[in-house]
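Each chain, letter by letter, is given below.
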Amino acid sequence: MLVVVALLAATLTAGCDGSEPSTGREPKPTATATASSTASSPRSSDSAAPTGGPTLDPAHAVDSPGPRTGVVGYPDIVVTSSKSIDAETIAAIQHLDHVQDVLPIALAQVIVQNRALQVAAVDPATYRNYTRLEVAESQDIWDRVARGELAIKKSLVARLPVDDNDFVGLGSTAEAPEVHIGAYAAQAPLIDAVVNDTWIPDLGMTPDNALLIRTGGTAPVTLRKAIEGVLAGKASVQMTDAVARYGIDPNVVQTAVVVGTIADAVGVYRYSVLAGGRIAPDPAWVAEHITTQTVPILGSVTCNKAIFPQLIAALNAVRDQGLADKIHPGEYAGCYNARFIAGSTKLSNHAFGLALDLNVPGNQRGTVGQMDRQVVAIFKSWGFTWGGDWGYTDPMHFEMNRLVEPR
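Residues numbered from 1 in each chain as written. Predicted model: local features only at pLDDT ≥ 70, side-chain atom pairs only at ≥ 80, totals over all residues. Heavy atoms only, no water.

J.: What is the right way to read the state of the cysteines from this model?
T.: Disulfides are covalent bonds that connect the sulfur atoms of two cysteines. A complete count under the given rule lists one disulfide for this structure. The disulfide that involves Cys303 links it to Cys335, with 2.3 Å between the sulfurs. Between Cys303 and Cys335, the S-S dihedral sits near 135°, and the bridge is therefore right-handed. With Cys303 in strand E14 (residues 299–304) and Cys335 in the loop between helix H11 (308–320) and strand E15 (355–357), this residue pair connects regions lying 32 residues apart in the sequence. (Disulfide = S-S within 2.5 Å. Helix = DSSP H or I, 4+ residues; strand = E, 2+ residues; numbered from the N terminus.)

J.: Which parts of the structure should I look at to understand the side chain of Thr80?
T.: Relative to the assigned elements, Thr80 resides in strand E1 (residues 77–80). Once residues lying within four places of it in the same chain are set aside, the contact partners of Thr80 are Leu107, Asn209, Ala210, Ala235, Ser236, Gln238 and Thr255. (Contact = heavy atoms within 4.5 Å.)

J.: Help me understand the packing of H11 against helix H12 (residues 373–381) in this model?
T.: What describes two packed helices is the angle between their axes and the distance between those same axes. The geometry of H11 relative to H12 is characterised by a closest axis approach of 9 Å and an angle of 145° between their N-to-C directions. As H11 runs across H12, the sense of the crossing is right-handed. Residues Leu311, Ala314, Leu315, Ala317 and Val318 of H11 lie in contact with H12, whose contacting residues are Val375, Ile378 and Phe379. (Axes fitted to C-alpha atoms, helices over the stretch in contact; angles between N-to-C directions. Left-handed = near helix turned anticlockwise from the far one by under 90°.)

J.: Please explain the packing of aromatic side chains as it appears in this structure.
T.: To describe a pair of aromatic rings, one takes the distance between the centres and the angle between the planes. Using the criterion set out here, one finds seven aromatic pairs in the structure. Ring geometry for Tyr269 and Trp285: centres 4.7 Å apart, planes at 90°, overall edge-to-face. Pair noted here: Tyr269 is in strand E11 (residues 268–273) and Trp285 is in helix H10 (residues 283–289), with a separation of 16 residues, a long-range link. For Tyr269, a relative accessible area of 0% corresponds to the buried category. (Phe/Tyr/Trp six-rings, centres within 6.5 Å; stacked < 30°, edge-to-face > 60°. Buried < 20%, exposed > 50% of the residue type's maximum accessible area, 1.4 Å probe, protein only.)

J.: How should I be thinking about the pairing of strand E2 (residues 101–112) in this particular structure?
T.: Burial within E2 is extensive, with eleven of its twelve residues counted as buried. Bridge analysis of E2 against strand E8 (residues 210–214) gives five bridges, and the strand direction is antiparallel. What sits directly across from Asp101, in E8, is Arg214. Sheet analysis places E2 next to strand E3 (residues 115–122), joined by seven bridges and oriented antiparallel. Bridge assignment links Ile111 to a residue of E3, and that residue is Ala116. Two successive antiparallel strands, E2 and E3, enclose a turn made up of two residues, where Gln113 displays a positive phi of approximately 50°. Two elements, E2 and strand E10 (residues 254–259), share two bridges in a ladder whose sense is parallel. Paired with Gln109 across the two strands is Val258, which belongs to E10. (Pairing = 2+ DSSP bridges.)

J.: Any chance you could explain the pairing of strand E9 (residues 236–239) here in plain terms?
T.: Taken residue by residue, a regular strand's side chains alternate between the two faces of the sheet. Where burial is concerned, the two faces of E9 agree: the one with Ser236 and Gln238 and the one with Val237 and Met239 are both buried. Sheet topology places E1 next to E9; four bridges connect them, and they run antiparallel. For Val78, the partnering residue across the bridge sits in E9 and is Gln238.

J.: When you look at the environment of Ala174 in this model, what are you seeing that I'm missing?
T.: Mapped onto the elements, Ala174 comes out in the loop between strand E5 (167–169) and strand E6 (178–184). Residue classification places Ala174 among the exposed positions, given a relative accessible area of 75%. Along the sequence, Ala174 and Thr385 sit 211 residues apart, while their C-alpha atoms lie 9.8 Å from each other.

J.: When you look at empty space enclosed by the protein in this model, what are you seeing that I'm missing?
T.: Regions of empty space are outlined by a rolling probe, equal in size to a water molecule, passed over the atoms. Taken as a whole and assessed by the stated rule, the structure comprises two cavities of 30 Å³ or more. Of the pockets and cavities examined, the second largest cavity occupies roughly 60 Å³. Lining the second largest cavity, in full, are Thr80, Ser81, Leu107, Ala108, Gln109, Gln118, Asn209, Ala210, Thr255, Ala256 and Val257. When contributions to the lining of the second largest cavity are tallied by element, the ones reaching two or more residues are E2 and E10. (1 Å grid on protein atoms, 1.4 Å probe; cavity = no way out; pocket = protein on both sides within 12 Å on 5 of 7 lines; lining within 4 Å. Points joined across faces, edges and corners; volume = space filled by probe spheres on them.)

J.: Before we go on, may I ask you to explain unusual backbone geometry in this structure?
T.: With the exception of glycine, the majority of residues adopt a negative phi angle, and the majority of peptide bonds are in the trans configuration. Of note, Asn114 is a non-glycine position whose phi angle comes to about 70°, a positive value. Along the polypeptide, Asn114 turns up in the loop between E2 and E3. Using a relative accessible area of 3% as the deciding quantity, one classes Asn114 as buried. Unusually for a residue other than glycine, Asp166 sits at a positive phi of about 65°. Along the chain, Asp166 turns up in the loop between strand E4 (150–152) and E5.

See the structure below:
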């Protein structure tokens, strides 16, 4: 549970899970249909693309999808599972009455600067038909995805650590796989960004763990029970009309498949949506992962059990170097916090109990902050990322981004 000192409640409300105003970063100049373009007019649509960039890794290139064919339209239902959905199950869903088509994809949540992005690995030739018509018809977008580049919602870019060559790390560590942003494009519901399926091993994704389903003229909700019956309770079945209204289907238990260096600390994260931006994780997950311990300087804290060895080691190092007074226990704003980032349906590392907020009043979002830089260096050495390094700073925030075993 979130630990908050009552005297600081008003200040702590603006903590790192609060709303995020614009960073003021303007998108880079748009390109024409070819990657070598140097046009400089501002982007006016979600199907624009960044300028060229360095030579891309040929290991992630596949054949061009060629001209688009087939029916275009958003999926009516999205199924997500923690495991690959086998071909027999997919065929059984395909053969249900009123199911028009089914597309298997890989879908995972990638944590980038405390925000969980839904990244899909797809076959660009087939997935494009599940996006908006103007996106599906853009040959340049899908040629770029085929070449190994990333297509992403433009609205998300200002919050990501994009370098001057339009590369972004998909993860929270320096070793996270870097992908070149090739296009800014609206995606299918519940998907923030796509790469081609050669990226599945690099990102640690599970093949075919999600399905995009179209039902034609049939109300999708009438098929929910039949699809859930075929899946035997092993996956979440979401109606995209509910997603359009609420950002997530509030009537279904969600399945978050987290990849990256913290994946083992999270496991499979299932949760239900409550009012007021709150969520209710599976009680079995909470019992297995969340615990309360007494740590140096801060006292009693509630976090993911995986964080404690290196959190204790970091705090011991702070104390041993005579810096204990640089961390203020009365200004600690918690670790485990089962809720969405305010104003969104995005999970943060606080929902997994893998982040903590320190010295809140003097370290508000968008500021340089007053956090002692020696303390920051110690936390980094023990496997934590500091929010003060981010493009839109969050200097109160430290999150575990790799496992470090104290010796």
